[in-house]
Amino acid sequence: MSSSQARFNVLDSYRGLAVVLMILFHFCWDLRDFGFVTFDDRSDFWINFRALIVFMFVTAVGWSSYLATHNHQPLRRFIKNQTKVALGAALISLGTYLALPEQWVFFGILHFIFTAGFIVRPLAGRPVISCIVGLLLIATSYFYHIDALTSHRWFIHTFSAPDATLDFINPLPWLGAVLIGPIFGYLRLHYAKLPQNISVKALTFLGRHALLAYLLHQLILYPLVMGGYFFMALDKQ
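None of the values given here were measured: they were computed from a predicted structure. (Residues numbered from 1 in each chain as written. Predicted model: local features only at pLDDT ≥ 70, side-chain atom pairs only at ≥ 80, totals over all residues. Heavy atoms only, no water.)

### Looking at the nonpolar core
Here comes step 1: V58, I109 and F112 are the most contacted members of the largest nonpolar core, which has 51 residues in total.
Here comes step 2: Contributing elements (two or more residues each) for this core: α1 (3-33), α2 (44-70), α3 (75-99), α4 (109-124), α7 (171-186) and α9 (210-236).
Here comes step 3: Sorting elements by how many residues they give to this core places α2 first, with 12 residues. (Core = buried A, V, L, I, M, F, W, Y, C linked by side-chain atoms within 4.5 Å. Buried < 20%, exposed > 50% of the residue type's maximum accessible area, 1.4 Å probe, protein only. Helix = DSSP H or I, 4+ residues; strand = E, 2+ residues; numbered from the N terminus.)

Shown next as C-alpha cells:
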C-alpha cells in the first residue's frame, strides 16, 4: 500500500466510524418513533452523542482539506466534490420539504459542510493558524452564548425558515471545529497504524462513500423499523 493510500485509509476509517455512529443514532430515533424504546432526546447523553458525530464529520472536512492542499489536489477535484455535496444538500432539502413542509431541512449537515468547505480551504495549508482561529470561534460561541437556538432564530427572521426543522447545524461553534481539522493532518495522524481486518476495511468503505450512506441510510432503516412494527402488530392480533 502506498503512503498516500495509507493516509486516506486512516481518514476514511475516521469518517466511516462517524457514519456508523450516525446510523446507530438514527436507528435509535426510529425505534423510539415506533414505540420500541423510550428515551429523553434532550438528555446529556443524546446531546453529546450527536455532538460527537457532528464533530467527527466536520473535523474530517478540515483534515481532508489539509491533505488535499498538502498533496496539491487540482481545483477541479475540489469543485467536483463540492458539487456532489451541494446536490446531496439539495436532495435533502427537497425531500424533506415535500414530505414535511413544516420541518424541512434548510441548513443541515450537508449544507454546512458545503459552506465550510469553501471557508476552510484557504486556511488548510496553515494548520496552526487555522486551529487558533477555530478555537477562537468556539470560544466566541461559548462566551457569547451563540448556540443553535440563537442561530436558528436568525435564520428564521432573515429567510422565513421553519421553526421546527428536522436538522440544523449551528454555524458556531461547528465552523471552529472544521478549522481545527487541518491540525490533525499537521500532527500526522493520518500515518497511524491500522489493522488490516474486515472491520477496518468496512469503515474505510463507508468513509469513502459517506455521502451516499448519509442519503440512503434512513431510506433503508425507517422502512425496516416500520415493517417490524406492523409485523409485531399483526402477530398480536
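### Observations regarding helix α5 (residues 127-143)
Here comes step 1: Its 17 residues give α5 an end-to-end C-alpha distance of 24 Å, which sits within 8% of 24 Å, the value for a rise of 1.5 Å per residue.
Here comes step 2: Looking only at α5, the buried set comprises P127, S130, C131, G134 and S141. Down the axis of α5, the buried set is contained in an arc of 100°. They therefore lie on one face. Opposite its buried face, α5 presents the exposed residues L136 and F143, each directed more than 90 degrees away.
Here comes step 3: Of the surrounding elements, those touching the buried residues of α5 are α2, α4 and α7.
Here comes step 4: Residue H145 follows α5 closely and has a positive phi angle near 55°. (Expected span 1.5 Å × (residues − 1). Arc of directions from axis to C-beta. Contact = heavy atoms within 4.5 Å.)

### Some thoughts on the side chain of D12
Here comes step 1: Relative to the assigned elements, D12 resides in helix α1.
Here comes step 2: Ignoring sequence-local partners within four residues, the contact set of D12 consists of L203, T204, G207 and R208.

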